[in-house]
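Single-letter residue listing:
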Amino acid sequence: MMAGTPRAWSRVVVGIAVCGGVLVGGTTWSAVPSPTNAVSEAASTARVTSADARFAMAMTNLLASSAATVTNSVGEQDVTETSRAKKQMYEGMINIQDKEYEKAVPKLEFAIKEDPTLLGAWEALGWAYWNLGRKDEAQRLWERLQRLDPRESLAFNLLAQLANERGDLEKAGALLKASLDLNPDQYEVRYSYAQNLLWRGHSDQAMPMLRQLLVEDPERMDVRIELARALTELMEYEGALDYWTKVNDAIPDNPDYLIPEAQCLLGIGEIRQAETTAVHVLDLAPENLKALNLLADIAENG
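Residues numbered from 1 in each chain as written. Predicted model: local features only at pLDDT ≥ 70, side-chain atom pairs only at ≥ 80, totals over all residues. Heavy atoms only, no water.

Some remarks on the overall build of the protein chain
- Of regular secondary structure, the protein chain possesses 15 helices and 2 strands.
- Buried positions account for 47% of the 302 residues belonging to the protein chain.
- Within the protein chain, residue pairs in contact and separated by at least 24 positions form 52% of the contacts whose partners lie at least 6 positions apart.
- For the protein chain, the exposed surface amounts to about 14,900 Å²; the carbon and sulfur share of it is 52%. (Helix = DSSP H or I, 4+ residues; strand = E, 2+ residues; numbered from the N terminus. Buried < 20%, exposed > 50% of the residue type's maximum accessible area, 1.4 Å probe, protein only. Contact = heavy atoms within 4.5 Å. Areas by Shrake-Rupley, 256 points an atom, 1.4 Å probe, with all protein chains shown as cover.)

Points about the nonpolar core
- Met89, Leu108, Leu210 and Trp244 are the most contacted members of the largest nonpolar core, which has 76 residues in total.
- Ranked by residue count, the leading element in this core is helix α5 (residues 119–131), at 9 residues.
- Beyond its immediate chain neighbours, meaning those up to four positions away, leucine 210 contacts Tyr191, Ala194, Leu198, Val223, Glu226 and Leu227. (Core = buried A, V, L, I, M, F, W, Y, C linked by side-chain atoms within 4.5 Å.)

Quick word on the confidence of the model for the protein chain
- Per-chain confidence: the protein chain averages 80 in pLDDT, with 73% of residues scoring 70 or above.
- Note that residues 1–79 has pLDDT below 50 and, in this model, 129 contacts with residues that lie over four places away or in other chains. (pLDDT = per-residue confidence, 0-100.)

Thoughts on the pattern of salt bridges
- For the structure shown, the criterion picks out 11 salt bridges.
- A salt bridge links lysine 103 to glutamate 100, with the nearest nitrogen and oxygen atoms 3.8 Å apart.
- Salt bridges here are not isolated pairs; linked through shared partners, they connect Glu188, Arg220 and Asp222. (Salt bridge = Lys/Arg side-chain N within 4 Å of Asp/Glu carboxyl O.)

As for helix α10 (residues 203–216)
- Between the first and last C-alpha of α10 there are 20 Å, a value that for 14 residues agrees with the 20 Å anticipated at 1.5 Å per step.
- Among the residues making up α10, those that are buried are Ala206, Met207, Leu210, Leu213 and Leu214. Seen end-on, α10 carries its buried residues on one side only, within an arc spanning 130°. In α10, the exposed positions that point more than 90 degrees away from the buried face belong to Asp204 and Val215.
- Elements that come into contact with the buried residues of α10 comprise α9 (187–199), α11 (221–233) and α12 (237–250). (Expected span 1.5 Å × (residues − 1). Arc of directions from axis to C-beta.)

A word on the packing of helix α4 (residues 101–114) against α5
- Interhelical geometry of α4 versus α5 gives an angle of 150° and a closest axis separation of 9 Å. Taken as axis vectors, α4 and α5 run roughly antiparallel relative to one another. Seen from above, α4 lies across α5 with left-handed handedness. Two secondary-structure elements touch here, α4 through Tyr101, Val105, Leu108, Glu109, Ala111 and Ile112 and α5 through Ala121, Trp122, Ala124, Leu125, Ala128, Tyr129 and Asn131. (Axes fitted to C-alpha atoms, helices over the stretch in contact; angles between N-to-C directions. Parallel < 35°, antiparallel > 145°, perpendicular 65-115°, else oblique. Left-handed = near helix turned anticlockwise from the far one by under 90°.)

Digging into the side chain of aspartate 115
- If you trace the backbone, aspartate 115 turns up in the loop between α4 and α5.
- Salt bridges are absent for the buried aspartate 115, whose nearest opposite-charge side chain, lysine 86, sits at 5.4 Å.
- There is a polar contact of 2.5 Å between the side chain of aspartate 115 and the side chain of threonine 117. (Lys, Arg positive; Asp, Glu negative; His and termini not counted. Polar contact = N/O pair within 3.5 Å; in protein donor to acceptor, adjacent residues only side chain to side chain.)

Here's the deal with unusual backbone geometry
- Positive phi, normally seen in glycine, also occurs at lysine 99, with a value near 60°.
- Mapped onto the secondary structure, lysine 99 falls in the loop between α3 (76–97) and α4.
- Among the residues examined, lysine 99 registers a relative accessible area of 64% and is labelled exposed.
- Positive phi outside glycine occurs at methionine 235, with the angle close to 60°.
- With respect to the helices, strands and loops of the structure, methionine 235 is situated in the loop between α11 and α12.

Considering the packing of aromatic side chains
- Scanning all chains against the criterion turns up 3 aromatic pairs.
- Aromatic side chains tryptophan 127 and tryptophan 130 sit 6.2 Å apart centroid to centroid with 75° between the ring planes, which places their arrangement in the edge-to-face category. A residue pair is termed a helical-turn pair when its members lie 3 or 4 positions apart in one helix, as tryptophan 127 and tryptophan 130 do in helix α5 at 3 residues. Considered together, tryptophan 127 and tryptophan 130 belong to a single accessibility category, that of buried residues.
- Judged by centre distance (6.0 Å) and plane angle (25°), the ring pair of tryptophan 244 and tyrosine 257 falls under stacked. Here tryptophan 244 is found in helix α12, whereas its partner tyrosine 257 is found in helix α13 (residues 255–267), with 13 residues between them in sequence.
- Tyrosine 257 gets classed as buried once you look at its relative accessible area, which sits at 0%.
- Joined through ring pairs, the aromatic side chains of Trp127, Trp130 and Trp142 make up one cluster.
- Geometry around tryptophan 130 places lysine 135 over its ring, the cationic atom sitting 4.5 Å from the centre.
- Note that arginine 220 overlies the ring of tyrosine 191, its terminal NZ or CZ placed 5.8 Å from the centroid. (Phe/Tyr/Trp six-rings, centres within 6.5 Å; stacked < 30°, edge-to-face > 60°. Lys NZ or Arg CZ within 6 Å of the ring centre and 35° of its normal.)

Here you go:
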């Protein structure tokens, strides 16, 4: 299938998502996964839904940028080479979408060789290496990008993901901070850095960041959930309860969110409400151990 067909363009948008980020004006969103995989399927769905629109917007911007580059090229040869490089990049992204990583690698390597300014190709190639088990090559590739342009935040974001995958939260945090020093307006990187701070026990720094992120985008349910979880862990039950209530209004009948709401209710002395919520969880999931334990605690101490 040719990369210029409408169907292929739509798949490139998904391909960029699979690569782990969205290219927007030379920067990327890199979603660093929690080492505990704590975000539930419902929260992930809420986040992906909002992310889909950003992926489409990013591809529109990238394609517009590509057209401008071709139009403004000085010579016919420059136009041809730029078009070939971008075509290979797009086709490589489609290969990654199809999990055909071996096919993607030579196309993306060609794209970078012909046009090193194609940041999407650097990102996609690294993830192709990673999925082929060539993790050291992914690391070296993105370190090379970092050396070529130390003012570009993309390399720091990608290297942070690798550090996180390897369990090096300190290094991931340092890289995310360096990225934000270069470009403090990266919403997703700020969110990832706040999560990183929480995982490393720096809630005093993370909480103001999360609150500000939610002020900027009140529809971000993943940020609200992160705040609710953190406050629950800190036993600030009254503050956490407000967030959990809004989460459960938006994503009803989810035991993963109803249980902490019940725990917060119990923590502030609303025993009967906590009991009602726990019973509701058992209606949804009769073998939910957290609900059973919560009801046992209420029976023993209530």
